[in-house]
Amino acid sequence: MVLNRLQFLLVGLLMGLFFSCTGERKKIVAVSQCSMDEWRNQMNEEMQREAFFHTDLDVEIHSTPDNTQQQIADIESFIRRGVDAIVVAPNEWEPLRPVIEKAYDSGIPVVLIDRKINSDKYTAFVGGDNVDVGRKAAHYIRDLLPHGGTIIEIEGLASSTSSQERKQGLHEVLDSLPDIRIVADVVANWQRQRAFDVMDSISPYIANEPVDIVFAYNDRMAIGARQAFEKAQKAGKLDLSSMPLFIGVDALLDDTLGIGRVEDGTLEASFLYQTGGDKAI
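As the structure is a computational prediction, the values presented were derived from the model and not from experiment. (Residues numbered from 1 in each chain as written. Predicted model: local features only at pLDDT ≥ 70, side-chain atom pairs only at ≥ 80, totals over all residues. Heavy atoms only, no water.)

One non-glycine residue, D114, adopts positive backbone phi at about 75°. Examined against the element boundaries, D114 turns out to sit in the loop between β4 (110–113) and β5 (124–126). At D250, a residue that is not glycine, the phi angle is positive and equals roughly 135°. Mapping D250 onto the fold places it in strand β9 (residues 245–250). (Helix = DSSP H or I, 4+ residues; strand = E, 2+ residues; numbered from the N terminus.)

Here we come to the environment of G277. Counting through the fold element by element, G277 comes out in helix α10 (residues 277–280). Under the relative-accessibility criterion, G277 is labelled buried at 0%. Separated by 235 residues in the primary sequence, G277 and Q42 have C-alpha atoms spaced 8.1 Å apart. Discounting chain neighbours no more than four positions away, the residues touching G277 are M43, E46, M47 and I113. (Buried < 20%, exposed > 50% of the residue type's maximum accessible area, 1.4 Å probe, protein only. Contact = heavy atoms within 4.5 Å.)

Another aspect to go through is the packing of aromatic side chains. Under the criterion given, the structure shown has 5 aromatic pairs. Ring geometry for W39 and Y273: centres 5.5 Å apart, planes at 25°, overall stacked. Residue W39 is found in helix α2 (residues 38–52), and its partner Y273 is found in the loop between β10 (269–272) and α10; the two are separated by 234 residues along the sequence. For W39, a relative accessible area of 5% puts it in the buried group. Geometrically, the ring pair formed by F215 and Y217 is tilted, given 5.6 Å between the ring centres and 45° between the ring planes. For the pair formed by F215 and Y217, the shared burial category is buried. (Phe/Tyr/Trp six-rings, centres within 6.5 Å; stacked < 30°, edge-to-face > 60°.)

Between helix α5 (residues 130–144) and helix α6 (residues 161–174), whose axes approach to 6 Å, the crossing angle comes to 40°. On the basis of their axis angle, the class for α5 and α6 is oblique. The crossing of α5 and α6 is right-handed. Along its contact with α5, which presents N130, V131, V133, G134, R135, A137, A138, H139 and I141, the element α6 presents S162, E165, R166, Q168, G169, L170, E172, V173 and L174. Tallied by class, the residues present in the contact of α5 with α6 amount to 8 nonpolar, 6 polar and 4 charged. (Axes fitted to C-alpha atoms, helices over the stretch in contact; angles between N-to-C directions. Parallel < 35°, antiparallel > 145°, perpendicular 65-115°, else oblique. Left-handed = near helix turned anticlockwise from the far one by under 90°. Nonpolar A, V, L, I, M, F, W, Y, C, P; charged D, E, K, R; others polar.)

Let us now look at the sheet that holds strand β6 (residues 149–155). On the basis of which strands lie adjacent, the open sheet formed by 5 strands has the order β7-β6-β8-β9-β10 and parallel pairing. Two strands in the sheet have a free side with no partner beyond their single neighbour: β7 (180–187) and β10. If you compare each strand with its neighbour and ignore which way they point, the axes differ by 20° on average. In this sheet, β9 lies alongside strand β8 (residues 213–216) in parallel orientation, the contact comprising 3 bridges. Bridging across to β9, V214 finds its partner in F246. (Pairing = 2+ DSSP bridges.)

Across its 15 residues, α2 extends 21 Å between first and last C-alpha, which sits within 8% of the 21 Å expected from 1.5 Å per residue. Within the span of α2, buried status applies to W39, R40, M43, N44, E46, M47 and A51. Buried positions in α2, seen along its axis, are confined to an arc of 160° and lie on one side of it. Exposed residues pointing more than 90 degrees away from the buried face of α2 are listed as E45 and F52. The residue sitting at the N-terminus of α2 and contributing the capping side-chain oxygen is D37; that oxygen lies 3.0 Å from the backbone nitrogen of W39. (Expected span 1.5 Å × (residues − 1). Arc of directions from axis to C-beta. Polar contact = N/O pair within 3.5 Å; in protein donor to acceptor, adjacent residues only side chain to side chain.)

Before going further, it helps to spend a moment on the confidence of the model for the protein chain. The pLDDT averaged across the protein chain works out to 90; a share of 90% of its residues lies at or above 70. Residue range residues 5–22 is modelled with pLDDT below 50. Its contacts to residues more than four positions away, or to other chains, number 3 contacts. (pLDDT = per-residue confidence, 0-100.)

Moving on, we come to the nonpolar core. Membership of the largest hydrophobic core comes to 62 residues, with the highest contact counts inside it found for I141, I152, I154 and M199. Ranked by size, the runner-up nonpolar core spans 16 residues in total, among them A30, V99, A103 and I117. (Core = buried A, V, L, I, M, F, W, Y, C linked by side-chain atoms within 4.5 Å.)

Let's shift gears to the side chain of D37. Looking at the element boundaries, D37 is found in the loop between β1 (27–33) and α2. A polar side-chain atom of D37 sits 3.0 Å from the main-chain amide nitrogen of W39. A polar contact of 3.4 Å, which involves the side chain of D37, links it to the side chain of R220.

Here α5 spans 21 Å end to end across 15 residues, near enough to the 21 Å set by a 1.5 Å rise per residue. For α5, the full list of buried residues reads N130, V131, V133, G134, A137, A138 and I141. Looking straight down α5, one finds that the buried residues subtend no more than 160° of arc, so they occupy a single side. Considering only its buried residues, α5 is in contact with β6, α6, β7, β8, β9 and β10.

This is how it looks when you write it as structure tokens:
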């Protein structure tokens, strides 16, 4: 059958009406990630895998390299576009609060993941118990040092709730154990290289006071700290007996991090902290 131009336009119009009635627009879930690393890559993969089972969802992931201002700009963009839901891991709890509250007040459901803000203007929170992670690490340190000893504490980003809460849990236990002393408390912003640099800079000051344990708030920082100690040993600044035990958090199933580094002896232990990406979706 040959259609003239008018008939062709009418058929096209009818088909358009049919699909507009029967087809539904996919819901857009916009994700604002605060960082780019192995742990968050796993979270992103879990979100994408879970979204695969929901054909009515499109998941858009926007990751920033620890850049609070870029994360604010991304969320502002989500609000302007009128996305259906926002999942956000706030890089810093206070600077991100206003834009997250703005999204919530605009009627967009907001799911906080891993980290919180100092506000109740969000729809749900998905994440582990960071205070309990700190407590469990402290109890493990106590068991390793029944007669007391010294530790170095390496924090994440001080303005993130996950770092603050891990510190809270750790000190709830350790502050009641006078025989276990924290000889250095440093901040390495969750980064391996930053942990290496900080520990490398203070290694001369701890050469005369052996350290028993280094506890870092994630595995990357624990590995960076160990590399700094190994460098100091090779340079003759520390003897072999001065190598402490290194403990981290995350326990990814990865040869270069977490479980793999516990198996090869680089880390003494790593405490499990699940990403929760699938649960967020």
